[in-house]
Amino acid sequence: MAVPRTLFQKIWDSHVIVEEPGQPALLYIDLHLVHEVTSPQAFDGLRLAGRTVRRTDLTIATVDHNVPTTDRSLPIEDEVSRRQIDALERNCAEFGIPLFGIHSARQGIVHVIGPELGLTQPGMVIVCGDSHTSTHGAFGSLAFGIGTSEVEHVLATQTLPQARPKTLEIRCEGTLGRGVTAKDLILAIIGNIGVGGAAGHAIEYTGSAIRSLSMEGRMTVCNMSIEGGGRAGMIAPDRTTIDYLRARPNLPRGTEFERLSAEWLALATDAGAAYDSQVLVDASNLVPHITWGTNPGMVAPVTGRAPRLDEAPSESDRRAYERAFHYMGLEPGVPIAEITLDRVFIGSCTNARIEDLRAAAGIVLGRRVASRVHGMVVPGSMLVKRQAEREGLDAVFREAGFEWREAGCSMCLGMNPDILSPGERCASTSNRNFEGRQGKGGRTHLCSPETAAAAAIAGRFVDVRHWS
Amino acid sequence: MQPFRQETGIVAPLDRVDVDTDQIIPKQFLKRIERTGFGEFAFFDWRYRPDGSLDPSFELNEPRYEGASILVSRRNFGCGSSREHAPWALQDFGIRAILAPSYADIFFNNCFKNGLLPVVLPEAVIDEIIARAKERPGYRVSVDLEAQTVSDEEGVIAPFDVDPYRKHLLVNGLDDIGITLTHESRIAAHEARLPERLRGLTFAVAGEH
């Protein structure tokens, strides 16, 4: 009988082209996603070496990091941003890579458009010069972020030398309560394992709490794998995955789709397959989580408080806490529900899909954003934006006083004009609360779309489980 | 790629855990489309005050660390964003080797692609090197990749492990795209087995307006 294998092992094994002792495996890449920030130097490298792009038909590009989220008919004011966006357009034209440009109806954050267009499929190996590539693992693919030198390597060869990561199972059992979301689950996990806890590992999320998540929720979980240090995050394909994919463009229909579905379902980890390590999470008693500090592991339940300095696990951590409190303008031990806000950002590759916008709109419906708060909603893609508008969600947000923007990464990392001013405090559905991430001196609290929406109305963090 | 064999230089201590790549090179400098010139922006938000003057409270601004080529820091160095601009900035800032107890995976990979050596050393050894760098003005160490040791004038402080293949590439300054291309026939054989639906995948999606 065949040795039982994990989801990760099955995908890895079927993509290894060369494996020589003492060397990293050479992996085939099924899909390469390209954006404007991490690619220009890779294309320069190709030109210098006189190389071409090996598989333009397995490569796709879009602009997301730099693009303004305001009126797209106007020229881009930031000249350096425009230069980078122009460079991508020129590079795609020169090397023959399909591009969803700034005026495309399908432009959007690279990790939102891959799944919605049916490009992301189970069993694939997917890379992108962006650490949140782990998002695509929600479909049972092996997806990971790479650097620019590796982008060049994939462009030239459609392969990548990779050391085989270890495997980590994060088993989440139980039922998430009302108002408790995939975002709360992954924030709690990172708080538990730490921001470097999964380094060197490909994570597989398993258990009943994962099974009951929608594809959007699963993408949120896998997206933030990197914030726990994970090389990748993945979830085995099941009926939820198949149902999501059934309607996607460019996937086969009818019996061919059914045959493919059976193949995808067989990717699931075999009974008895072993992981290198395992973490167990009880999802039933989970409450909404919000970060208080300057990395995603500095997180606490909305019903709780930030730690005191004497609770730090080590001297290095104590100093990190001290710096974080100073930067965040908070006192150690502050109750989370006492934190008041200036800004609310609903967006990013973590939480700007249609389901996220529906959930946030459900909280906002018929209410007004607090007078001291400036709220902004940035859909993950132009297709999400249009869908939301068909459902009238834009009207819900606008009537409440939110700004309704065009698609892009926006204030998740503030490479475009959407940034916090120094000292401004923001509830954000994005993935990183590093110093300066949303603008120099800006203070970011990561949370779910529901919690962010409620915070916009209340002007401070509230326990969204009791929202009515 | 620039080879790395041995580096001797002043040690600059960055005594912090979880230094993320957003700090190493803030996002406002990622818009450059070149690989060079990032050094003046390394640790920008920590190095400079809002008025543009050097912030004296940032340890690397102390004159005694000027010209340092070896950076010593704490666990999970280089976490967060995959930006290769981080090793480019460190290198352009003059750093040739980093000493830390652990690194984030993507950053670690990116360093090797650029001739910047990330050395993994036990926590206790890092404690000692940080202490010496803080106590002794002009404190220097030698990082010898071929011998796999870190030493100072008193002798070897610690040996270190490095993946033999990565070491081979770094010592010889080899470009791994060239090596991969020697496997052309095996890549082509794999491609011949690709499922039909993947052929022309992105063209099909992009063409569907």
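Per chain, residue numbering runs from 1 following the sequence as it is written. Chain letters and ligand numbers both follow the written order, the letters beginning at A and the numbers at 1. Totals for whole chains, interfaces and linings use all residues, but because this is a predicted model, local features are given only for residues with pLDDT of at least 70 and pairs of side-chain atoms are given and counted only at 80 or more.

A. Geometry of the overall build of chain A. Where helices and strands are cited, they refer to DSSP runs of H or I of at least four residues and of E of at least two residues respectively, numbered from the N terminus. Per the secondary structure count, chain A includes 15 helices and 19 strands. The globule rule used for comparison is 2.2 Å times the number of residues to the exponent 0.38, while the radius of gyration itself is calculated over C-alpha atoms. Against the globule reference of 23 Å for 468 residues, chain A gives a C-alpha radius of gyration of 21 Å, in line with a compact fold. In terms of principal-axis extent, the alpha carbons of chain A reach across some 55 × 55 × 50 Å. Out of the 468 residues in chain A, the part that is buried amounts to 60%. We call two residues in contact when their backbone-placed C-beta atoms lie within 7 Å. Within chain A, contacts between residues separated by at least 24 positions form 77% of all contacts whose residues are at least 6 apart in sequence. Residues are called buried when their C-beta atom has 20 or more other C-beta atoms within 10 Å, exposed when it has 12 or fewer, and partly exposed otherwise; all C-beta atoms are positioned from the backbone.

B. Layout of the sheet that holds strand β9 (residues 166-173) of chain A. All names here are of chain A. Strand pairing is assigned whenever DSSP identifies at least 2 bridges connecting the two strands. Within the open sheet, the four strands sit side by side as β11-β10-β9-β12. Their pairing is parallel. The open sheet has two free edges, formed respectively by β11 (232-234) and β12 (277-282), since each of these has just one partner strand. Put simply, the sheet's adjacent strands are angled 20° from each other on average, direction ignored. Here β9 runs beside strand β10 (residues 201-206); their pairing, made up of six bridges, is parallel. Here, axes are lines fitted to C-alpha atoms. For helices the fit covers the stretch in contact, and angles between N-to-C directions go from 0 to 180 degrees.

C. Quick peek at the nonpolar core. Note on definitions: a nonpolar core is a set of buried residues drawn from Ala, Val, Leu, Ile, Met, Phe, Trp, Tyr and Cys, linked by C-beta atoms within 7 Å. Core analysis: the biggest nonpolar cluster contains 201 residues, and Leu-142, Leu-185 and Val-344 of chain A together with Ala-89 and Leu-99 of chain B have the highest contact counts within it. If you tally residues by element for this core, the top one is helix α6 (residues 182-193) of chain A, at eight residues. Those residues in contact with Val-344 of chain A, other than ones at most four positions away along the chain, are Val-373, Gly-375, Cys-426, Ala-427, Ala-452, Ala-455 and Ala-456 of chain A.

D. Focus on the packing of helix α12 (residues 354-364) of chain A against helix α15 (residues 449-458) of chain A. Residue and element names in this part refer to chain A. At a minimum axis distance of 8 Å, the contact between α12 and α15 shows a crossing angle of 30°. Looking at the two axes, α12 sits roughly parallel to α15. Considering how the two elements wind past one another, α12 and α15 form a crossing that is right-handed. Along the contact surface, α12 presents Asp-356, Ala-359, Ala-360, Ile-363 and Val-364, while α15 presents Pro-449, Glu-450, Ala-452, Ala-453, Ala-454 and Ile-457. Across the contact of α12 with α15, the residue classes tally to nine nonpolar, no polar and two charged. Angle categories: roughly parallel below 35 degrees, roughly antiparallel above 145, roughly perpendicular from 65 to 115, and oblique for all the rest. Whether a crossing is left-handed or right-handed is set by the direction in which the near helix is turned from the far one by less than a right angle, anticlockwise for left-handed and clockwise for right-handed. In this classification, Asp, Glu, Lys and Arg are treated as charged, Ala, Val, Leu, Ile, Met, Phe, Trp, Tyr, Cys and Pro as nonpolar, and every other residue, Gly included, as polar.

E. Broad picture of the interface of chain B and chain A. Across the boundary between the two partners, chain B contributes 51 residues, which contact 62 residues of chain A. Elements with a minimum of two residues in the side of chain B that touches chain A: α1 (21-24), α4 (105-112), α6 (164-172), α7 (176-181), α8 (184-192) and α9 (201-207) of chain B. The element contributing the most residues to the side of chain B that touches chain A is α9 of chain B, with six residues. The class makeup of the residues in the side of chain B that touches chain A is 18 nonpolar, 13 polar and 20 charged.

F. Representation of the environment of Ser-104 of chain A in the model. All names here are of chain A. Position of Ser-104 among the secondary structure elements: in the loop between β5 (99-100) and α4 (110-116). For Ser-104, a count of 16 C-beta atoms within 10 Å puts it in the partly exposed group. Separated by 138 residues in sequence, Ser-104 and Ile-242 have C-alpha atoms that sit 28 Å apart.

G. The pairing of β10 of chain A, seen in detail. Residue and element names in this part refer to chain A. Among the six residues of β10, six are classified as buried, and the element is accordingly described as predominantly covered. Neither face of β10 is exposed, since His-201, Ile-203 and Tyr-205 on one face and Ala-202, Glu-204 and Thr-206 on the opposite face are all buried. Consider the strands pointing away from the viewer: the crossover is right-handed when the path from the first strand over the helix to the second runs clockwise. Viewed along the sheet, the connection from β9 through α6 into β10 turns out right-handed. As defined by bridge partners, β10 adjoins β11 across three bridges and the pair is classed as parallel. In the sheet register, Glu-204 faces β11, and the bridge partner there is Met-234.

H. Local environment of the sheet that holds strand β18 (residues 425-428) of chain A. Residue and element names in this part refer to chain A. Read from one edge of the open sheet, five strands run β17-β16-β15-β18-β19, paired in parallel fashion. In the strand order of this sheet, the two ends are held by β17 (403-404) and β19 (443-446), each with one partner. In terms of strand pairing, strand β15 (residues 343-346) meets strand β16 (residues 374-377) through four bridges, oriented parallel. Note that in β16 the partner of Val-344 across the bridge is Gly-375.

I. Representation of the environment of Phe-93 of chain B in the model. Residue and element names in this part refer to chain B. Mapping Phe-93 onto the fold places it in the loop between α3 (85-92) and β3 (97-100). Under the C-beta neighbour-count criterion, Phe-93 is labelled buried, with 21 such atoms within 10 Å. Between the alpha carbons of Phe-93 and Phe-38 there is a distance of 7.7 Å; along the sequence they are 55 residues apart. Look past the residues within four positions of Phe-93 in its chain and what remains in contact with it is Gly-39 and Ala-42.

J. Just α15 of chain A, in detail. Residue and element names in this part refer to chain A. By the criterion of burial, α15 is predominantly enclosed, with nine of the ten residues buried. Buried within α15 we find Pro-449, Glu-450, Thr-451, Ala-452, Ala-453, Ala-454, Ala-455, Ala-456 and Ile-457. The inward-facing, buried residues of α15 contact β13 (289-291), β15, α12, β16 and β18. At the C-terminal side of α15, Gly-459 shows a positive phi close to 80°.

K. Highlighting unusual backbone geometry. For Ser-348 of chain A, which is not glycine, the phi dihedral falls at a positive 90°. Its 28 C-beta neighbours within 10 Å are what place Ser-348 of chain A among the buried residues. Its identity as a non-glycine residue notwithstanding, Gln-148 of chain B has a phi of 55°, on the positive side. In this fold, Gln-148 of chain B is placed in the loop between β5 (140-144) and β6 (149-152).

L. Here's a closer look at the pairing of β3 of chain B. Residue and element names in this part refer to chain B. Residues Ala-97 and Leu-99 line one face of β3 and the alternating positions Ile-98 and Ala-100 line the opposite face, and both faces are buried. Note: strand β2 (residues 70-73) against β3, three bridges, orientation parallel. Note on β3: the bridge partner recorded for Leu-71 is Ile-98. On the question of chirality, the crossover connecting β2 to the parallel β3 by way of α3 is right-handed. Relative to strand β4 (residues 117-120), β3 runs parallel, the two being bridged by four bridges. Residue pairing across strands places Ala-100 opposite Val-120, the latter belonging to β4. Regarding topology, α4 serves as the crossover connection from β3 to the parallel β4, and that connection is right-handed.

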